[in-house]
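Residue-level listing of the chains:
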Amino acid sequence: MSEHPEEPNKPVETESLLPIDEHVEESQDAEGRKVRHRGIYLLPNLFTTANLFAGFFCIITAINGNFYVAGATVFVAMVLDSLDGRVARLTNTQSAFGAEYDSLSDMVAFGLAPAILAYEWALSELGNVGLTVAFIYVACAALRLARFNTQIGKVDKRWFIGLASPAAAGVVAGSVWAVWALDDPGILGADLPLALVMLFALLVAAAGLLMVSNIKYYSFKDLDLKGRVPFVAILVVVLVFAVVFSDPPRVLLLIFLAYAASGPVQYLMRRRKRAEV
C-alpha cells in the first residue's frame, strides 16, 4: 500500500482532432471573479463573417469592372455590420473576440473595399496621385478603427469622435454607385472630365481625413427602439423607406453626404457661438 496520499482526480485534457487551438477568453462575473470561457458565439459572428464576405465581394467585383454591384455591396455590408452588434447585445453574446473580429471585418468592408472601388473606377486615371489618395483613405480607416477600439467605454456613446468608417464608405461607394447608375452600361472614370475626377479624389481624401478628425458626429445609439412611440412614427418610417427605394443610389448618397457634412457644420456653429460669447 502506498504511503503517499492519493491526488484528486484531474480533468483529462483531450487533444483536438484538428490542428487548431481552441479559443479561451477570460472575463469577470458580477462579483469580480475571473471566469474562463471556451469557444466563441456563433450567431453574432455569422453576421460579422457575412460583413467580411460583402467587403471581399465588393473588391472582386470592382476589379472585374462591375462597379454597380460593388457599390451596392458596401451598403449591404453596412446592414450586416449594424446587425452583428445588435444581435450580440440582444442575445447577451458580446465578447472580446467578437469585437476584434468586427473591427477586422470593418477594415475590409469599409476601408479596403471602398478604396479599391474608388481607385478602379476613377482614381487610377490620376496615376500616383490617385494611388496616394486611395491609400490615405485606407490608412485613415485603419487609424479610425484602432482609435475607436481604445475609446470604448471612455467617451460619450451618443457621439462618434470622427466620421464613422461605414459612413465614410457610404460617401465613397455611394458616389460611384450613383454616377454609374446614370447610364447604361455605366460611366467610368475615364469618361469623366479631369475636373470631376479631381473632385472625386478630393471627396475620397476628405472622407478619410474626417474619420481621423476630432469632429463629433451623432451616433444615434441613444435612440430607444424598444419603447412605445406615437403611431405617426411608423408612417414616417414607411415614408423614409419609400423615398430610399424610389432611387437608392442617389438618395443614399445624399443621406451620407448630409451626415458627413453635419459634423463640420456643427463644429463651425459651436466655434461661432464661442466667439460671440
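Residues numbered from 1 in each chain as written. Predicted model: local features only at pLDDT ≥ 70, side-chain atom pairs only at ≥ 80, totals over all residues. Heavy atoms only, no water.

Caption draft 1: Representation of the nonpolar core in the model. L117, W121, L123, Y137, L163, F200 and V204 are the most contacted members of the largest nonpolar core, which has 60 residues in total. Listing elements by their share of this core, those giving two or more residues are helix 1 (42–63), helix 2 (67–90), helix 3 (96–121), helix 4 (128–151), helix 5 (165–180), helix 6 (194–211) and helix 8 (248–276). Once residues within four sequence positions are removed from consideration, Y137 is found in contact with F110, G111, P114, A115, S165, A168, A169, V172, V204, A207, G208 and M211. (Core = buried A, V, L, I, M, F, W, Y, C linked by side-chain atoms within 4.5 Å. Buried < 20%, exposed > 50% of the residue type's maximum accessible area, 1.4 Å probe, protein only. Helix = DSSP H or I, 4+ residues; strand = E, 2+ residues; numbered from the N terminus. Contact = heavy atoms within 4.5 Å.)

Caption draft 2: Spotlight on the packing of helix 2 against helix 5. The contact between helix 2 and helix 5 brings their axes to 8 Å, and the two run at 150°. The orientation of helix 2 with respect to helix 5, classified from their angle, is roughly antiparallel. Considering how the two elements wind past one another, helix 2 and helix 5 form a crossing that is left-handed. Side by side, helix 2 and helix 5 meet where F67, Y68, G71, A72, V74, F75, M78 and D81 of the first sit next to P166, A169, G170, A173, G174, V176, W177 and W180 of the second. Broken down by class, the residue content of the contact of helix 2 with helix 5 amounts to 12 nonpolar, three polar and one charged. (Axes fitted to C-alpha atoms, helices over the stretch in contact; angles between N-to-C directions. Parallel < 35°, antiparallel > 145°, perpendicular 65-115°, else oblique. Left-handed = near helix turned anticlockwise from the far one by under 90°. Nonpolar A, V, L, I, M, F, W, Y, C, P; charged D, E, K, R; others polar.)

Caption draft 3: Seen up close, the side chain of S213. Topologically, S213 is positioned in the loop between helix 6 and strand 4 (216–218). Looking at S213, the relative accessible area reads 15%, which means it is buried. Within the local environment of S213, its side chain forms a polar contact with the backbone oxygen of L210, the two atoms lying 2.8 Å apart. Other than its neighbours up to four places away in sequence, S213 contacts R147, I161 and G162. (Polar contact = N/O pair within 3.5 Å; in protein donor to acceptor, adjacent residues only side chain to side chain.)

Caption draft 4: Broad picture of the packing of aromatic side chains. Enumeration according to the criterion identifies 11 aromatic pairs in this entry. Ring centres of Y68 and W177 lie 5.9 Å apart, and the angle between their planes is 70°; on these two criteria the pair is classed as edge-to-face. Residue Y68 is located in helix 2, and its partner W177 is located in helix 5; the two are separated by 109 residues in the primary sequence. Look at Y68 and you get partly exposed, because its relative accessible area is 38%. Given a relative accessible area of 8%, W177 falls into the buried group. Members of the aromatic cluster, each reached through a chain of ring pairs, are Y68, F75, W177 and F256. (Phe/Tyr/Trp six-rings, centres within 6.5 Å; stacked < 30°, edge-to-face > 60°.)

Caption draft 5: Geometry of a positive patch on the surface. A contiguous patch of positive charge, built from R86, R89, K157 and K221, is present on the exposed surface. One can find R86 in helix 2. (Patch = residues over 30% accessible without salt bridge, like charges linked within 9 Å, V, L, I, M, F, W, Y side chains within 5 Å. Areas by Shrake-Rupley, 256 points an atom, 1.4 Å probe, with all protein chains shown as cover. Salt bridge = Lys/Arg side-chain N within 4 Å of Asp/Glu carboxyl O. Lys, Arg positive; Asp, Glu negative; His and termini not counted. Charge placed at Lys NZ, Arg CZ, Asp CG, Glu CD.)

Caption draft 6: Focus on the pattern of salt bridges. This model, assessed by the stated rule, comprises one salt bridge. R250 is the salt-bridge partner of D247, the closest N and O atoms lying 2.7 Å from each other. Residue classification places D247 among the partly exposed positions, given a relative accessible area of 23%. With a relative accessible area of 30%, R250 lands in the partly exposed category.

Caption draft 7: Expanded view of the packing of helix 4 against helix 6. It is at 8 Å that the axes of helix 4 and helix 6 come closest, and there the two elements cross at 20°. By the criterion of interaxial angle, the relationship of helix 4 to helix 6 is roughly parallel. Judged by the sense of rotation from one axis to the other, the crossing of helix 4 with helix 6 is left-handed. Only A201, V204, A205, A207, G208, L209 and M211 of helix 6 make contact with helix 4, whose side of the interface consists of V133, Y137, C140, A141, R144 and R147. Of the residues contributing to the contact of helix 4 with helix 6, the split by class is 10 nonpolar, one polar and two charged.

Caption draft 8: Representation of the confidence of the model for the protein within the structure. When pLDDT is averaged along the protein, the result is 83; 81% of the residues meet or exceed 70. Here residues 1–8 is modelled with pLDDT under 50, and outside its nearest four sequence neighbours on either side it reaches zero contacts, counting other chains as well. (pLDDT = per-residue confidence, 0-100.)

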